[in-house]
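# Descriptive structure summary
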Amino acid sequence: MTVSTISGAVASPRRRMPRRIDIMSHAAGILVALLFLAPIAWAVLATFKSRSEAAQPPLPPWPTEGISLDNFRTLENFGAGILHHTLNSLIVAIATTALTILVSVLAGYGFSRYRFPLKGFFFVLVLATMMVPFQSILTPLFLILAELKLQNTLVGLVLIYVTLQLPFSVFMMRNAFDAVPPEIAEAARIDGVTGLRLLIHVLGPLVMPGIVSVGLIAFLNAWNEFLAALVLLTSQDNYTLPVLLTAVRAGHYGSIDWGAVQAGVTIMMIPCLILFLALQRHYIRGLTAGAVK
Amino acid sequence: MTSAARAASRGATTPASGVVLDRVTKRFGAVDVLRDISLTIADGEFIVFVGPSGCGKSTLLRMIAGLEEVSDGTIAIGGRDVTDAEPSERGIAMVFQTYALYPHLSVRDNMGFSLKMAGRPRAEVAAKVEAAAELLHLIALLDRRPAQLSGGQRQRVAIGRAIVRDPRVFLFDEPLSNLDAELRIEMRIEIAKLHRRLGNTMIYVTHDQTEAMTLADRIVVLRGGRIEQAGKPADIFGDPDNLFVAGFIGSPKINVLPGRFTTEGLEIDGSLLTGPDCIAGQRCDGAVSVAIRPHLLHLVGDSDPGIPVKIDFAEYLGDKTYVHGQSRSDHAVVTEIASGPPPAPGSIIRLGSRPEDVLLFDGGGSRLR
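Residues numbered from 1 in each chain as written. Chains lettered and ligands numbered in written order. Predicted model: local features only at pLDDT ≥ 70, side-chain atom pairs only at ≥ 80, totals over all residues. Heavy atoms only, no water.

## Regarding the packing of helix H4 (residues 82–113) of chain A against helix H9 (residues 195–206) of chain A
All names here are of chain A. Inclusion rule: Interaxial angle, 0 to 180 degrees, is taken between N-to-C directions of lines fitted to C-alpha atoms, where a helix line uses only the stretch in contact. The way it works is that DSSP assigns letters per residue, a run of H or I at least four long becomes a helix, a run of E at least two long becomes a strand, and they are numbered from the N terminus. The cut-offs work like this: below 35 degrees is roughly parallel, past 145 is roughly antiparallel, 65 to 115 is roughly perpendicular, and the gaps in between are oblique. Whether two residues are in contact is decided by their heavy atoms: any pair within 4.5 Å suffices. Charged residues are taken to be Asp, Glu, Lys and Arg, nonpolar residues to be Ala, Val, Leu, Ile, Met, Phe, Trp, Tyr, Cys and Pro, and polar residues to be all remaining types, Gly included.
At a minimum axis distance of 12 Å, the contact between H4 and H9 shows a crossing angle of 105°. Here H4 is positioned roughly perpendicular relative to H9, judged by the angle of their axes. In this structure, H4 contributes Val105, Leu106 and Tyr109 to the contact, and H9 contributes Gly195, Leu196, Leu198, Leu199 and Leu203. Among the residues forming the contact of H4 with H9, the class breakdown is 7 nonpolar, 1 polar and no charged.

Next comes the structure, spelled out in C-alpha cells:
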C-alpha cells in the first residue's frame, strides 16, 4: 500500500514534466537542425537557377525562372570536365584513406602492444607534429616533392595528405588497440596466433570502429583539402574538385559564377553524405571508444 | 567422440603431462616476484595455487603458460623443457578470469579458433567443437556471440575452447572470480567433474580457499613469491608448516594466542590449557604462539583447564553458531557451537581443547612439532 501511494505521488508530476521538456528539446533540436540544413538546402536549390538568376541576391532561395541545368553544363565544359576532376579527387581521397589506414593501424598496433626503447618519446614526437600548422611547412614540402619529381602529381598530393593525417590517426588507432583487453591477445597467443595473424584475425575486427573513423576522417580531409592542392597542382588536368571550384568561380569580367560554384559544392557533398550515412554507426562508436570503460 | 574414447586416444598418443618447475625465478626490474620456485606436478594431478593478492600465483601460472618470461630456472612439461617455448607449443590451454573470448566470433568459432588457425581440416574442427560443446552443454549456444551469453555460459565457452585444444595441461587463472556465489559453486563442481572425466593435469589459481580445498589434489600456498607449503588439503588444513598457512586456510580464521610453557604446562594469559607436552630444549624456553581451529575449541567446566573468553557477539548460521569473543589479553577468539543457545554478550565462558588439536609455532611463525 505504502509503496504504491508513494510511487503514484511521484509518478504523476514526473509524467507531466517530460512532456514539456520533450516539446522544448524537440523544438530546440529542430531549430538547430534547420540552422545546419539551411545552407545546404540553399546551395542545392541555387544549383537549379539559371546563371543570371544565380547572380542575383539569393531571396527567395529557390529558382523562380524555371529549373535550369546551366550550372552543371558550365562545370562539364570547364577544364577536362567535371567527371575527370571528380575522378582526380576520388583517386586522391581513396589512396590517402588506404595508406593512412595501413600505416596508422600498424603504428597504433606497435605503440599499443610492443615494448621498445623511447616508446613514449616517439609517440609524443608523432603527436607533436600536430602542433605545427601545415601551412607553415607548405614551402618545404613543395621543395621536397620537387626534389622527388612528385610536384604536380596526384601521388605527391597523396603523400602530403597522408603525412598530415597520420599523427591524429596513429593516436586514434593506439587508443583503439589499448581498449582491447590484453587477455584477448594472450588467449590468441596460446591458440598459436601471433604477430600479423593476430592483427588480421583477432585484433583487426575488434578495432574496426577505430579503423572506420580514421578512414572516414582521412577521406573527408583529403576530399575537401584546398590549399596544398592549389599550391602543388599546377596543370589544370590534375586539379581536384576544390581547386576546380575556385577556377570555375571566375565568370565574365571579374564577376563570380555563383551557380557553377553551388553546383560544384553540391556534387562534392554527395560522396561525403553517402559515406557518413553508411558508416555513421561505426564512426560514433570509434570516436567514443576508450572514453568510458 | 565419447569421453572414454577421448581419454583412450589421449592415453595412446599423449605423453605424460607432468609439470616440473626447477628453481624458477621471476624478476621485474630489481624486484623478485618469484624466487626459486621448485615444484613437481604429477601427471593428471589437480594443483591449486593459493595465496593473498600479490603473492605471485598468477605470475607463476602465466610463466607456465609462456605468457611471462622466466628470469631464471627451467620449466618442463611432459618431460620436455619448455622454458623458452611459445605458449602454443607447450601443450597447454588457459582459461582466463575475464574469459577472454573473441567478441567478434560465435561460440563455435571461438572454440574452433585454434584448430582453424593451425590449418586443421574443417570436419575435424567441427567434430571437436561439437564434442566439447556436448560435454559442456553448449550445443544450443554454438551460434551465439559472447556478448549474448551469461557469465557462467561465457566461462563454459572459455573452458570449451581449452578442451578443444586437447592440451596436456589445463591452466585456470581465477576462472570463477567474476561469477556470482551460486554460479561459482555450480562451476566449481563442473570443473571437478571435468577433471575426473578428462584426467588431465590441471593447475588452478585462486584466492578462494574453498575452491582450493574442494578442487585440489594438492594445494600450493604462496606468499611473497615463495612457496610456504605444498600438500594435500587435509595436511594444509590440519598440519600447517607455519602460522601464515594456518591463518590463510580455514574459515573462520584459526585462533592464535600468545602462550608459554611453565612448570605446570602450557599457559595462556595465566590460565592453563591442555596442550601438547613440552619437548625439552625445543620449545620450553620462551614464548610460543598457540593456534587452535574454532571448531576444535569447546566449552569446559570451571575446574577443567581452559581459557576464559568474554563474549562479544554470536553469528547464527542455522546448523551452527560462531561465537566471537576476546581473551584476557584482548586477542580475538572464535569458537563454533553446534547446538543450543549461544552465550549472552558480555558473559564469560571457558574454552578448552584436546592436546592433539593445539598447534604450536615459534616466534618466527614456524611450526613446532
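Anyway, onward from the coordinates.
## Thoughts on the domain arrangement of chain A
All names here are of chain A. Selection rule: Each domain span listed reflects an automatic or database assignment of domains. Buried area: the sum, over both parts, of the accessible surface (1.4 Å probe) that disappears when the two are put together. A pair is scored as a salt bridge if a Lys or Arg side-chain nitrogen falls within 4 Å of a carboxyl oxygen belonging to Asp or Glu. For the purposes of these results, a polar contact is taken to be a pair of N or O atoms within 3.5 Å, where, inside protein, one atom must be able to donate a hydrogen and its partner to accept one; residues adjacent in sequence count only when each atom of the pair is a side-chain atom.
The domain architecture assigned to chain A consists of domain 1 (2–47) and domain 2 (70–288). Computed from C-alpha atoms alone, the centre-to-centre distance between domain 1 and domain 2 is 36 Å. Every contact between the two is made by 5 residues of domain 1 and, on the other side, 6 residues of domain 2. Here domain 1 meets domain 2 over a buried area of about 490 Å², counting both sides, of which 69% is carbon and sulfur. Linking domain 1 to domain 2 there are 0 salt bridges. Our enumeration of links across domain 1 and domain 2 arrives at 2 residue pairs in polar contact (both at pLDDT 80 or more).

## Considerations on the sheet that holds strand S10 (residues 226–231) of chain B
Residue and element names in this part refer to chain B. What counts, and what does not: Should DSSP find at least two bridges between two strands, the strands are taken to pair.
Strands sit in the order S6-S7-S8-S3-S9-S10 across an open sheet of 6 strands; the sheet is mixed. With partners counted over all chains shown, the strands left at the sheet margins are strand S6 (92–95) and S10, one partner each. Within the sheet, the average angular offset between the axes of one strand and its neighbour, ignoring direction, is 20°. Looking at chain direction, strand S3 (residues 46–50) and strand S8 (residues 201–206) are connected through 5 bridges and run parallel. When the sheet's bridge partners are listed, Phe46 is paired in S8 with Met202. Relative to S6, helix H5 (residues 151–164) is tilted by about 175°, and along the sheet it contacts S6 and strand S7 (169–173).

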